[in-house]
Amino acid sequence: GLPALLYLRGSVVDPDGGGHEKEVLRIADAGYFLATGRSLRDERVNIFLLDRDDYLDWIDSSFAEKYATQAESEYATIAARHERIRAQASGFKTRTLGKVAIVIDADHNGVAVINTLAHELGHMLQDLVNPEQTEDPSSFFLQGIREAEAQQFQRAFWLQLEEFTGLS
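Just so it is clear, the model here is predicted, and its values are computed rather than measured.

> Tell me about the pairing of strand E2 (residues 91-96), residues and numbers included.
In this structure, E2 lies alongside strand E3 (residues 99-105), joined through 6 bridges in antiparallel fashion. When the sheet's bridge partners are listed, Arg 95 is paired in E3 with Val 100. Hairpin geometry of E2 and E3 is characterised by an intervening segment of 2 residues between the two adjacent antiparallel strands and by a positive phi of about 55 degrees at Leu 97.

> Break down the packing of helix H2 (residues 21-36) against helix H5 (residues 110-129) for me, citing the residues and quoting the values.
Contact geometry for H2 and H5: axes closest at 10 Å, N-to-C directions at 45 degrees. Between H2 and H5, the angle is such that the two are oblique. The handedness of the crossing between H2 and H5 comes out as right-handed. Of the residues in H5, those touching H2 at Val 24, Leu 25, Ile 27, Ala 28, Tyr 32 and Thr 36 are Val 113, Ile 114, Leu 117, Leu 121, Met 124, Leu 125 and Leu 128. Here the residues of the contact of H2 with H5 sort into 12 nonpolar, 1 polar and no charged.

> I'd like to hear about the packing of aromatic side chains, residue by residue, with values.
As enumerated under the stated definition, the model contains 7 aromatic pairs in all. Judged by centre distance (5.6 Å) and plane angle (40 degrees), the rings of Phe 48 and Trp 58 are tilted. Of the two residues, Phe 48 sits in strand E1 (residues 45-50) while Trp 58 sits in helix H3 (residues 52-69), which places them 10 residues apart along the sequence. A residue is classified by how much of its surface remains accessible, and Phe 48, at 27% relative accessible area, is partly exposed. By relative accessible area, which is 19% here, Trp 58 ends up buried. The interplanar angle of 85 degrees and the centroid separation of 5.7 Å between the aromatic rings of Phe 157 and Trp 158 together place this pair among those described as edge-to-face. Given a relative accessible area of 23%, Trp 158 falls into the partly exposed group. Linked through ring pairs, Tyr 32, Phe 153, Phe 157 and Trp 158 together constitute an aromatic cluster.

> Which residues make up the sheet that holds E1, and what values go with them?
Pairing within the open sheet is mixed, and its 3 strands lie in the order E1-E3-E2. Looking at strand neighbours, the two that pair on one side only are E1 and E2, the edges of this open sheet. The mean angle between the axes of side-by-side strands here comes to 20 degrees, regardless of whether they run parallel or antiparallel. The pairing of E1 with E3 spans 6 bridges and is parallel. Directly across from Ile 47, in E3, lies its bridge partner Ile 102.

> Can you explain a negative patch on the surface? Please cite residues and give values.
A cluster of acidic side chains, namely Asp 53, Asp 54, Asp 57 and Asp 107, defines a negative patch on the protein surface. Looking at where Asp 57 falls in the secondary structure, it is placed in helix H3.

> Describe the pattern of salt bridges, listing the residues and the values that go with them.
Side-chain pairing between opposite charges can occur once the charged atoms of the two side chains come close. Enumeration over the complete set of coordinates arrives at 6 salt bridges. In this structure, Arg 86 engages Asp 60 in a salt bridge whose closest nitrogen and oxygen atoms are separated by 2.8 Å. Separated by 26 residues along the polypeptide, Arg 86 in helix H4 (residues 75-88) and Asp 60 in helix H3 bring together distant segments of the chain. Using a relative accessible area of 30% as the deciding quantity, one classes Asp 60 as partly exposed. In this structure, Lys 93 and Asp 127 form a salt bridge, with 2.9 Å as the shortest nitrogen-oxygen distance. Of this pair, Lys 93 sits in strand E2 while Asp 127 sits in helix H5, and the two are 34 residues apart along the sequence. Here Lys 93 falls in the buried class, since its relative accessible area comes to 12%. Owing to a relative accessible area of 4%, Asp 127 belongs among the buried residues under this scheme. Connected via shared salt-bridge partners are Lys 93, Arg 95 and Asp 127.

Basis of the calculations
- All residue numbers refer to position in the chain's written sequence, counted from 1.
- Where totals are concerned, whole chains, interfaces and linings use all residues; where local detail is concerned, this predicted model gives features only for residues with pLDDT of at least 70, and gives and counts side-chain atom pairs only at 80 or more.
- As a rule here, side-chain values cover all heavy atoms of the structure and leave hydrogens and water aside.
- When DSSP locates at least two bridges between a pair of strands, those strands are taken to pair.
- Secondary structure counts use DSSP, requiring at least four H or I residues in a row for a helix and at least two E residues in a row for a strand, with both numbered from the N terminus.
- Note on method: axes are straight lines fitted to C-alpha atoms, helices fitted across the in-contact stretch only, with angles between N-to-C directions ranging 0 to 180 degrees.
- We call two directions roughly parallel when the angle between them is under 35 degrees, roughly antiparallel when it is over 145, roughly perpendicular when it lies between 65 and 115, and oblique otherwise.
- Two helices cross in a left-handed way if the nearer one is turned anticlockwise from the farther one by less than a right angle. They cross in a right-handed way if the turn is clockwise.
- The contact criterion used is simple: two residues touch if any of their non-hydrogen atoms lie within 4.5 Å.
- As a working rule, the residues Ala, Val, Leu, Ile, Met, Phe, Trp, Tyr, Cys and Pro are called nonpolar, Asp, Glu, Lys and Arg charged, and the rest polar, with Gly in that last group.
- Stacked, tilted and edge-to-face are the three classes applied to pairs of Phe, Tyr and Trp rings, where Trp contributes its six-membered ring and a pair requires centres within 6.5 Å; stacked means planes under 30 degrees apart, edge-to-face means over 60, and tilted covers the rest.
- Burial classification: accessible surface area is computed with a 1.4 Å probe over protein chains only, and a residue below 20% of its type maximum counts as buried, one above 50% as exposed, and the rest as partly exposed.
- Think of a patch as exposed residues, more than 30% relative accessible area, with no salt bridge, where like charges cluster within 9 Å and nonpolar side chains (Val, Leu, Ile, Met, Phe, Trp, Tyr) cluster within 5 Å.
- Computed with the Shrake-Rupley method and a 1.4 Å probe, the accessible areas treat only the protein chains shown as cover for residues.
- Whenever a carboxyl oxygen of Asp or Glu lies within 4 Å of a side-chain nitrogen of Lys or Arg, that contact is scored as a salt bridge.
- Residues scored as charged are limited to Lys and Arg (positive) and Asp and Glu (negative), so that His and the chain ends carry no count.
- Lysine's charge is taken at NZ, arginine's at CZ, aspartate's at CG and glutamate's at CD.

Take a look at the structure:
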């Protein structure tokens, strides 16, 4: 199913039920397995592929919880991250209900959604392998390391799929 998704120019999600979410998740599971030897079904993760409006609603409700549970001294930092994610990100990783949650704006073509998902899976893997790195959001050094780890996982994900499928 990967070639069809690579050439998909429309949105991955379709409110009328004709979307490609299952295919994207199947490709993500394959790439994750090829890179790690583990299935996404065995990880404590919920993946949400949402249209743009639902994605923005998810962000807003997620941050409403953060404001409710954090000290007032953290509000400026929370607000800055909230606005950055709303304005720039097409996906993010967080924790909710004891699991990692990966939330993707799937109102994009297949390559963009898979690429964003692969990057966020890199953040998830970092969180699962070394959760204490996730606990310190204030360190620019750790933020840089987390981004580098996610980018390298994203690269490994695509290289594994390329080798497995023979596609370039």
